[in-house]
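For reference, the chains in residue letters:
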Amino acid sequence: MTNPIKTLLLAVVLLFGSSQIGYAQDYNKGKGNEAYFRGDYAAALKEFRPLAEQGHADAQYLLGVMYKNGYGVIQDDREAVRLYRLAAEQGHAGAQYNLGVSYSRGEGVIQDDKEAVKWDRLAAKQGDADAQSNLGWMYEYGRGVIQDKKEAVRLYRLAAEQGNARAQYNLGAMYHYGEGVIQDMVYAHMWFNIAAASGWENAKEGRDIAANRMTPSQLEKATDLARECVKKEYKDC
């Protein structure tokens, strides 16, 4: 019989690394940024390309995003990776994250979990929640690192505390099964409930599965804890 929560976890695995490929961040000044966000990619390209060639990490990153998605240019994963790498080597967290995703998926480079871990770790150390969540996944499943579910929980928690819905969901699953933490259905339900409120659709089913295994008093406690956690902006939950 298929385990329902593990089936939901598979959905997370299949989505791993996909959420931020097209996310343009950090470059908040100038005509290029304005053009990019209004969808005038030809004008954005005109501004970003010379800045990227001059070594501006934000421009390199955004130009990489444009090549990854084919915004105003011919879609080209290899060129996206080249640009991400230029920005990542200057310490750009978004570029480090996207480079890690590229290695984990084998897009524009040969698939390499160890390289994915390397770049995710650098971005995670800068507080990038998506990188923390991805790195947690790598530790949970032993991809590119020695499997360590306690470390996975630690990383999921760091990302969850920043409001990352995927990490909140994964943290709920870890509590549900007692993987890396002592099994606790109250906290499993709490994190599933929070993840659902944060927009992670699969968390609704996880929450309901957990609820069917809990007493009314446990459900009340879990709901109260979730409400308090949201008020505390997910910190120290």
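Preceding this section is the structure that the text describes.
Every value quoted in this text rests on a predicted model; they were computed, and no experiment measured them. (Residues numbered from 1 in each chain as written. Predicted model: local features only at pLDDT ≥ 70, side-chain atom pairs only at ≥ 80, totals over all residues. Heavy atoms only, no water.)

This part is about helix α4 (residues 57-69). Between its first and last C-alpha atoms α4 spans 18 Å; for 13 residues at 1.5 Å apiece the expected length is 18 Å, and the two agree. In terms of burial, α4 is largely enclosed, as 11 of its 13 residues are buried. Of the residues making up α4, those classed as buried are Ala57, Ala59, Gln60, Tyr61, Leu62, Leu63, Gly64, Val65, Met66, Tyr67 and Lys68. Tucked inside the fold, the buried residues of α4 contact α2 (30-37), α3 (41-53), α5 (77-88) and α6 (93-105). (Helix = DSSP H or I, 4+ residues; strand = E, 2+ residues; numbered from the N terminus. Expected span 1.5 Å × (residues − 1). Buried < 20%, exposed > 50% of the residue type's maximum accessible area, 1.4 Å probe, protein only. Contact = heavy atoms within 4.5 Å.)

On to the state of the cysteines, then. Counted under the stated rule, the structure contains one disulfide. Shown here is the disulfide that connects Cys229 with Cys237, its sulfur atoms set 1.9 Å apart. Because the torsion about its S-S bond is 95 degrees, the bridge between Cys229 and Cys237 counts as right-handed. On the basis of relative accessibility, which here comes to 1%, the residue Cys229 falls in the buried class. (Disulfide = S-S within 2.5 Å.)

Remark: helix α9 (residues 149-160) packs on helix α10 (residues 165-177), axes separated minimally by 8 Å, with the N-to-C direction vectors making an angle of 140 degrees. The orientation of α9 relative to α10 falls into the category oblique. By crossing handedness, the relation of α9 to α10 is classed as left-handed. Each of Lys149, Ala152, Val153, Tyr156, Arg157, Ala159 and Ala160 in α9 lies in contact with α10, whose residues at this interface are Ala167, Gln168, Asn170, Leu171, Met174 and Tyr175. (Axes fitted to C-alpha atoms, helices over the stretch in contact; angles between N-to-C directions. Parallel < 35°, antiparallel > 145°, perpendicular 65-115°, else oblique. Left-handed = near helix turned anticlockwise from the far one by under 90°.)

Interpretation in functional terms is not warranted from these geometric data alone.
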